[in-house]
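The chain contents come next:
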Amino acid sequence: MVILISILVLGLIGFIFAALLGLAAGYFKIEEDPRLATILAILPGSNCGACGSAGCHDFAEKLIKGEVLVSGCLAGGEEVAHKLAQVMGTEGLVIHKRLATIHCGANEKVRTKRSNYSGIGTCAAANLIDDGGLNCKYGCLGYGDCFCACPFDAIRMVDGLPVIDPEKCTACGKCVVACPRAIISLRPYANPVWVACNSRDPGPVVRKICPVGCIACKICEKLVPEVFKVTNNLAVMDYTKTGINCDPAIEKCPTKCILKL
Amino acid sequence: MNTFSGGLHLKYNKESTEFKPIKELPSPQRVVIPLQQNLGCPNDPLVKVGDEVYEGQKIGDSPKFVSAPVHASISGKVTKIEKLPNPCGFDVASVVIEAGGGAKGSVMHNAKTLEELTPDEIRRIVREAGIVGMGGATFPTHVKLTPPAGKLIDTLIINGCECEPYITADHRLMLERADDIIFGSLALAKAVGAQNILIGVEDNKKDAVGALSTSDEKHHLGKNSPIKIVEVETKYPQGGEKQLIKTLLDREVPSGKLPLEVGAVVNNVGTAAAVAAAIKHGTPLIKRVLTVTGPGMKERHNFLVRIGTSFEEVLKHSEGLMEDASRIVMGGPMMGLAVSSLDLPVVKGTTCLLVFNRKEARIYEEKDCIRCGRCIKHCPAGLMPNFLSDYVKLKDWEKVEEYHVADCIECGCCSYVCPSRIFLVQYFKAAKRELQVRKAVCQ
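Each value, and the rule that gives it
Residues numbered from 1 in each chain as written. Chains lettered and ligands numbered in written order. Predicted model: local features only at pLDDT ≥ 70, side-chain atom pairs only at ≥ 80, totals over all residues. Heavy atoms only, no water. Helix = DSSP H or I, 4+ residues; strand = E, 2+ residues; numbered from the N terminus. Rg over C-alpha atoms; globule rule 2.2 N^0.38 Å. Buried < 20%, exposed > 50% of the residue type's maximum accessible area, 1.4 Å probe, protein only. Contact = heavy atoms within 4.5 Å. Pairing = 2+ DSSP bridges. Axes fitted to C-alpha atoms, helices over the stretch in contact; angles between N-to-C directions. Domains from an automatic or database assignment. pLDDT = per-residue confidence, 0-100. Core = buried A, V, L, I, M, F, W, Y, C linked by side-chain atoms within 4.5 Å. Buried area = accessible area lost by both parts, 1.4 Å probe. Salt bridge = Lys/Arg side-chain N within 4 Å of Asp/Glu carboxyl O. Polar contact = N/O pair within 3.5 Å; in protein donor to acceptor, adjacent residues only side chain to side chain. Nonpolar A, V, L, I, M, F, W, Y, C, P; charged D, E, K, R; others polar.

**Quick notes on the overall build of chain A**
Tallying secondary structure elements over chain A gives 10 helices and 8 strands in all. A compact globule built from 261 residues would reach a C-alpha radius of gyration of about 18 Å, whereas chain A, at 27 Å, exceeds it by more than 25%. Summarising its shape, the C-alpha atoms of chain A cover approximately 100 × 50 × 25 Å along the three principal directions. Classification of the 261 residues of chain A by burial places 39% in the buried group. For chain A, contacts bridging at least 24 residues in sequence account for 58% of all contacts bridging at least 6.

Right, here's the structure in full:
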């Protein structure tokens, strides 16, 4: 008898709670856009934050509300943008893929030092004291802050100099922010040429301290005037101009600081 | 004895220089004078290349309030004005002067006595003389002497603690120029309108307390003297501004606020002496006392050096370096900065040149935190360096701010006591800079 009563009472309580839960589920139901799950499946899911939203889910919600563009996911690039465009019904989409670029070519074998830095091993800390002991105030410090910042494993440190993997790089811009010397910028993927120097020191100074630095000789400017321009003792390239043959400049550059993929 | 919480009892190593009188170095052939030697805004040059300047001529000034002009420390010719490295670790526009020839001119002259001067006139003299905090922080003194309207300053504190090991520059100054320090204190007190003057001296410098209390200036004041000389506990960082206020007045400066908030202004004894020189003789700040010491030196000295003299020149006048000398630090062993080149000039904030030998300069490998909590126990600012350093490593800048990195006085107690040799204070210095940059970007 006792057993029967307990089964009944417990069963009844269970039933009441089940009914309450059922009601609550109906009452608190959140209408979720069916596209959200599809969009989340398309997005890379690395939550890198490069789009400016707080992670991929936030980006997906904003996309449905129309607050961001389908091309907003920098990490996903062209492929994701096209898929998102299909889901959202956007058409006629043209996306220019970009790529992180290291504007320094001096690895630790050629970098010259004036003192030994023995503090915290990050670029940000080294840059605070006497330019990290380097003679060059503008070049790579080599402690790999960009390497640590990259969420896509697209940066390798080779001889103390970061090297970008063009296939893995999504141009999220995290390394651009991480570099205390602003050596990294984003250039269009279609342009394989870049200037691997960031030094605004005058030519004779650069000659003394770095074998691969831009000495502002203006040879590139003379050979390919459409693209190169020397300002502030540094060859500056117009990266938006693609399809122009820069080979003469690359060949004639005396310090070989113009590089090609 | 009242004191602040935290801090350390260090080995002071002051014996070798505290009895050595200050020796004035001969005027150098060439000086490099950085146009920014103070916290705040850089100065614009007032001279051109080729100009002849006289000793004490103002060569750089700025229209901004938080700035202090710089002066030529030798007579000669301006040969270069360009960006040159500065001991603080970055390049600053500097004026290079070569001795010889030299224009004639006179430094500013003040005919009035201290009683006749108004607070405004004192502030003007202090600014024109380019006086900044001589303890090493180089905050322009006239800014400290200008309390905002409605703030009442009741106490002027003169900081004679000199709590960093090895340094004896202020100690010697108190012994040799006690009169000037008392006179300067009176002038500073008049400028801020303070009724009381407290001179805090650590109790390992009894002779300095004696010299100050028996000085002629103090004697003149008689019984109703506003000046009180207080012996404080010998403990690092007793000479920290906020720590000294806590010790002497038992008032705590709120987080992120200035000592003005609790009605006190703190100035170094060196600053007081410089103010006295400016008022009595019209001399701008072109010389400072500098201790040259450390286990890497054959002989240790207290020198009176012209600003802009290169470190190499200063070391030349001592007996030279030991063979195993391996690192030179500007400032004390706790807060000083390693020097990267001997061409760097002495600036207004250079209190000491400390030469370490190889053994002392050894840098230990950083290990993981063992959660002993010693850094918390010893932090004089009441921070939690262990958590703070973790947040800095994680780059969680919001948390770093929440844990009050801005209140860190960079005294180095945490790094000193850490058994895992974590570079705590170095992380905080880097983080402060990072936050500054971030704020600048946001604005």
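We are not done yet, so read on.
**Digging into the sheet that holds strand E13 (residues 287-293) of chain B**
Residue and element names in this part refer to chain B. If you walk across this open sheet you meet the 6 strands as E1-E14-E13-E17-E15-E16, and the pairing is mixed. A strand with exactly one partner marks an edge of an open sheet, and here the two such strands are strand E1 (22-24) and strand E16 (337-338). Of the strands in this sheet, E1, E13 and strand E14 (301-306) touch helix H4 (residues 169-176), which is tilted by about 125° from E13.

**What to know about the domain arrangement of chain A**
Each assigned domain of chain A is listed here: domain 1 (35-88), domain 2 (101-189) and domain 3 (191-261). Averaged C-alpha coordinates put domain 1 of chain A and domain 3 of chain A at centres separated by 37 Å.

**Observations concerning the confidence of the model for chain B**
All names here are of chain B. Within chain B, residue pLDDT values average 89, and 97% of them lie at 70 or more. Averaged pLDDT values for the elements of chain B fall to 77 in helix H7 (residues 216-221) and rise to 95 in helix H11 (residues 374-378). At the level of chain-chain contacts, confidence expressed as ipTM amounts to 0.71, with global pTM at 0.81.

**Here's the deal with the nonpolar core**
Nonpolar side chains in soluble globular proteins tend to end up buried together. If you look at the biggest cluster of nonpolar residues, it comprises 56 residues, and the most contacted ones within it are Ile 199 and Leu 212 of chain B. In terms of residue count, the dominant contributor to this core is helix H5 (residues 178-192) of chain B (10 residues). Beyond its immediate sequence surroundings of up to four residues, Ile 199 of chain B is in contact with Ile 158, Ile 182, Ser 185, Leu 212, Ile 227, Lys 228, Ile 229 and Val 230 of chain B. Ranked by size, the runner-up nonpolar core spans 38 residues in total, among them Cys 56, Tyr 138, Cys 179 and Ile 184 of chain A.

**Focus on the domain arrangement of chain B**
Frequently, the measure chosen for interface size is the accessible area that the parts lose on association. Residues and elements named next belong to chain B. One can read the domain layout of chain B as domain 1 (119-281) and domain 2 (374-442). Each of domain 1 and domain 2 was reduced to a C-alpha centroid, and the two centroids are 29 Å apart. Of the roughly 480 Å² buried at the junction of domain 1 and domain 2 (both faces included), carbon and sulfur atoms supply 54%. Counting the contacts that link domain 1 with domain 2 gives 0 salt bridges. Our count for the contact surface shared by domain 1 and domain 2 stands at 4 residue pairs in polar contact (both at pLDDT 80 or more). Of the residues belonging to the side of domain 1 that touches domain 2, the class tally is 2 nonpolar, 3 polar and no charged.

**Concerning the pairing of strand E2 (residues 30-34) of chain B**
All names here are of chain B. Across the 5 residues that make up E2, a large majority, 4, are buried. Note that E2 and strand E8 (residues 91-99) share 5 bridges and pair antiparallel. Considered in E8, the bridge of Arg 30 is made with Glu 98.

**As for the confidence of the model for chain A**
Interpretation of this model should avoid reading the predicted coordinates in detail wherever pLDDT is low. Averaged over all residues, the pLDDT of chain A equals 87, while 98% of them reach at least 70. For chain A, per-element mean pLDDT is lowest for helix H4 (residues 77-88) of chain A, which scores 83, and highest for helix H1 (residues 2-27) of chain A, which scores 95.

**A closer look at H4 of chain B**
The element H4 of chain B is largely enclosed, with a buried count of 6 among its 8 residues. Within H4 of chain B the residues assigned to the buried category are Ala 169, Asp 170, His 171, Arg 172, Leu 173 and Met 174 of chain B.

**Topic: the sheet that holds strand E7 (residues 76-85) of chain B**
One open sheet holds the 4 strands; their spatial order is E2-E8-E7-E4 (chain B), and the pairing between them is antiparallel. Two strands in the sheet have a free side with no partner beyond their single neighbour: E2 and strand E4 (52-53) of chain B.

**A word on the interface of chain B and chain A**
Of the residues lining the interface, 13 residues belong to chain B; the matching set on chain A comes to 13 residues. Taking both sides of the interface into account, the surface hidden between chain B and chain A amounts to around 1,100 Å²; carbon and sulfur atoms contribute 60%. Counting the surface chain B buries against chain A, the share from its top three residues, Gly 89, Asp 91 and Ser 340 of chain B, is 35%. For the pair chain B and chain A, the number of links is 1 salt bridge. At the boundary of chain B with chain A, the tally comes to 1 residue pair in polar contact (both at pLDDT 80 or more). When the residues that make up the side of chain B that touches chain A are grouped by side-chain class, the tally is 4 nonpolar, 3 polar and 6 charged.

**Focus: the pattern of salt bridges**
All names here are of chain B. As enumerated under the stated definition, the model contains 30 salt bridges over all chains in all. A salt bridge links Glu 299 to Lys 20; its shortest N-O distance comes to 2.7 Å. Taken together, the residues Glu 299 in the loop between E13 and E14 and Lys 20 in the loop between helix H1 (15-18) and E1 connect sequence positions 279 residues apart. Judged by relative accessible area, Glu 299 falls into the partly exposed class, the value being 33%. Among the residues examined, Lys 20 registers a relative accessible area of 24% and is labelled partly exposed. Among the salt bridges present, the one from Asp 120 reaches Arg 123, with a minimum N-O distance of 3.0 Å. Of the two residues, Asp 120 and Arg 123 are both situated in helix H2 (residues 119-128); the distance of 3 residues between them amounts to about one turn of the helix. Here the salt bridges do not stand alone but share partners, grouping Lys 58, Asp 61, Arg 127 and Glu 128 into one network.

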